[in-house]
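# An overview of the molecular structure
Spelled out, the chains give:
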Amino acid sequence: MRIESFPPGDLAPDAPERPRPPRRRRRAVSVLSAGLVVGALLAGVAVITGAAPDVALSARSQQTPQQDPPQAPQQAAAQPSPEQAPADPRPTCASMVQALDPRDRLAQRLMVGVEAADPAGAAKIVRDSHVGGIFLGGNATALLQNKALDAVQQAGNLPVAVAVDDEGGRVQRIDDLDGTLPSARAMAKRTPEQVRALAEERGRQLLARGVTWDLAPDADVSDRPANSVIGDRSFSNDPAVVTRYAGAFEEGLRQAGVYGVLKHFPGHGHSSGDSHQGRVSVPPLDQLRQADLKPYADLLGALDHDRVGVMVGHLDVPGLTDDLPSSLTPATYRLLRDEYRFDGMVMTDDLGAMKAVSNRFTLPQASLTALEAGADVALSSNVEPIAPTLDVLQQALDSGKIPAADNDRAVERILAAKNLCRR
């Protein structure tokens, strides 16, 4: 049983098991051309899950080389190279974006809260707004049982990212259904391989219930008391330990077919307080580079950027932010994109229920400010009408405050994160 519920983001010596083959999904995507629909369907359940098992690569790595009989030069030249990868049947992300109208492109950039006790209401939100993702918070589990999320997926014009916070310890989502996960600090007492296996099993449980994104692992570096805002949600106060264990957890999720999101960039572990309650500060940027940012530097340099995301926290960072928290500050996203060379999906922490933002901004204002700053996805756990936010974003797109080219690139990253297409 979960002790405490937070809003989103707060809320290997053995070879990994080969991913299970994807199930084929049968549904029409009304907004796409027939060619794009075929391409998306050929991608199988990876279209829904946001994970891309590299089946061809795994198969090649397990093959025993065989000696072929001598052939004439012209015959040998006609044989396909054994290292040649099969063609990717998915459409390009750029072509998928172009098939969407401008408002639907903006809708892909919103992840909104839905009431987990109301499957019909969640389906209506997706049907009416075409949002790119939904977030399940609270303790109700109706949407996580009896394949209820299938109807939500069918309601959209494109597959929807279904996200939860499932870190373990105080912040987990399916504990009442599938058992508890230990906290990150407790997991760090095991081996990284054990944590990878634990996360893979958890990922399979999440995926079986229709969850495709886990807003985890927590990559914060912290030695604060266990019950503090980060506390035992952090694997360690040693950046190298955090890197190993957060990497192992993310790898397990990915192998299960679930998209993981590292959080809370640029580092919430040594904050002055809880951003749920108001503005908080962390050490200056130069200090963060010495510890809090090291897991991002190490992990993002080694991972496929289409297979992992990053969540930006609501933090005041001397040397980086000024009047606004990090989630609404352009310099934060430039740091992630330019210095850490991350070209994957970047999302905000909860813009609607965390007072570090909501004390000053309405949800439409916060969403616009975040997207203008450089976020790909504006996240809110609030269950409220989507149209006012989309209206504000539409006006910004029409006026050029949100440049059309930047908007399209963000949507490409989102669609790639959902594994709908290839970049």
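All values derive from a computational prediction rather than experimental measurement.

Right, let's get into the overall build of the protein chain. Secondary structure summary: the protein chain contains 19 helices and eight strands in total. Scored against the burial criterion, the 423 residues of the protein chain give a buried share of 57%. Element-wise, carbon and sulfur atoms account for 51% of the exposed surface of the protein chain, whose accessible area totals about 17,300 Å².

Turning next to the sheet that holds strand β5 (residues 259-265). The strand order across the open sheet built from eight strands is β7-β6-β5-β4-β3-β2-β1-β8, with neighbouring strands paired in parallel fashion. Since the sheet does not close on itself, it has two edges, and those belong to β7 (346-348) and β8 (378-380), each with one partner. The pairing of β5 with strand β6 (residues 308-312) spans four bridges and is classified as parallel. When the sheet's bridge partners are listed, V261 is paired in β6 with G309.

Turning to the pattern of salt bridges, a few remarks are in order. What the rule picks out here adds up to 25 salt bridges. As a salt-bridge pair, R423 and D306 come within 2.7 Å of each other at their nearest N and O atoms. Residue R423 is found in the segment after α19 (404-417), and its partner D306 is found in the loop between α14 (294-300) and β6; the two are separated by 117 residues along the sequence. For R423, a relative accessible area of 43% puts it in the partly exposed group. Taking the relative accessible area as the measure of exposure, D306 reaches 18% and is therefore buried. Linked by salt bridges that have partners in common, D306, R337, D343, D376, R413 and R423 make up one network.

Attention shifts here to helix α15 (residues 330-339). Within α15, the full set of buried residues consists of A331, T332, Y333, L335, L336 and R337. Among the residues trailing α15, R341 stands out with phi positive, at a value near 55°.

Another point: the pairing of strand β1 (residues 110-114). Among the five residues in β1, five count as buried, and that is most of the element. The two faces of β1 match: L110, V112 and V114 on one face and M111 and G113 on the other face are all buried. Note on the crossover from β1 through helix α7 (residues 119-129) to strand β2 (residues 133-136): the handedness is right-handed.

Per the stated rule, a full pass over the model turns up four aromatic pairs. With a centroid separation of 5.1 Å and an interplanar angle of 85°, the aromatic rings of F265 and Y296 are classed as edge-to-face. Taken as a pair, F265 in strand β5 and Y296 in helix α14 lie far apart in primary sequence, 31 residues in all. Like Y296, F265 is buried. When the centroid spacing of 6.2 Å and the interplanar angle of 85° are considered together, the rings of F265 and Y340 count as edge-to-face. Highlighted residues: F265 in strand β5 and Y340 in the loop between α15 and β7, separated in sequence by 75 residues.

Bringing the nonpolar core into the picture now. Core analysis: the biggest nonpolar cluster contains 84 residues, and I134, L136, F249 and F265 have the highest contact counts within it. By residue number, the principal contributor to this core is helix α12 (residues 239-256), which donates seven residues. Each residue touching F249, except ones within four places of it in the same chain, is listed here: D166, E167, L181, M187, V195, A199, D214, A216, P217 and F235.

Before going further, it helps to examine the confidence of the model for the protein chain. For the protein chain, the average pLDDT comes to 85, and 80% of its residues sit at 70 or higher. When the criterion is pLDDT under 50, residues 1-7 qualifies, and its contacts beyond four places in sequence or with other chains add up to 26 contacts.

Attention shifts here to α12. Between its terminal C-alpha atoms α12 stretches 26 Å, which fits the 26 Å expected from 18 residues at 1.5 Å a residue. Across the 18 residues that make up α12, a large majority, 14, are buried. Its side-chain oxygen placed 2.9 Å from the backbone nitrogen of A240, D238 serves as the N-cap of α12. Looking one or two residues past α12, G257 carries a phi angle of roughly 100°, positive in sign.

A few words on the state of the cysteines. In total, this model carries one disulfide according to the counting rule given. Disulfide partner of C93: C421, at an S-S distance of 2.1 Å. Taking the torsion about the S-S bond as the criterion, the C93 to C421 disulfide, at about 95°, is right-handed. Of this pair, C93 sits in helix α5 (residues 93-98) while C421 sits in the segment after α19, and the two are 328 residues apart along the sequence. The class for C93 is buried, based on a relative accessible area of 0%. We classify C421 as buried; its relative accessible area is 2%.

For the rest of this paragraph, the subject is empty space enclosed by the protein. Considered as a void within the structure, the largest cavity measures approximately 100 Å³ in volume. Forming the boundary of the largest cavity are 14 residues, of which V112, L363, S380, I386 and T389 lie nearest the centre. Sorting the residues of the lining of the largest cavity by element identifies β1, α17 (363-373) and β8 as the ones contributing at least two each. Counting residues per element, the lining of the largest cavity draws most heavily on β1, at four residues.

Cut-offs used in this document
- Residues numbered from 1 in each chain as written.
- Predicted model: local features only at pLDDT ≥ 70, side-chain atom pairs only at ≥ 80, totals over all residues.
- Heavy atoms only, no water.
- Helix = DSSP H or I, 4+ residues; strand = E, 2+ residues; numbered from the N terminus.
- Buried < 20%, exposed > 50% of the residue type's maximum accessible area, 1.4 Å probe, protein only.
- Areas by Shrake-Rupley, 256 points an atom, 1.4 Å probe, with all protein chains shown as cover.
- Pairing = 2+ DSSP bridges.
- Salt bridge = Lys/Arg side-chain N within 4 Å of Asp/Glu carboxyl O.
- Right-handed = clockwise from strand over helix to strand, strands pointing away.
- Phe/Tyr/Trp six-rings, centres within 6.5 Å; stacked < 30°, edge-to-face > 60°.
- Core = buried A, V, L, I, M, F, W, Y, C linked by side-chain atoms within 4.5 Å.
- Contact = heavy atoms within 4.5 Å.
- pLDDT = per-residue confidence, 0-100.
- Expected span 1.5 Å × (residues − 1).
- Polar contact = N/O pair within 3.5 Å; in protein donor to acceptor, adjacent residues only side chain to side chain.
- Disulfide = S-S within 2.5 Å.
- 1 Å grid on protein atoms, 1.4 Å probe; cavity = no way out; pocket = protein on both sides within 12 Å on 5 of 7 lines; lining within 4 Å.
- Points joined across faces, edges and corners; volume = space filled by probe spheres on them.

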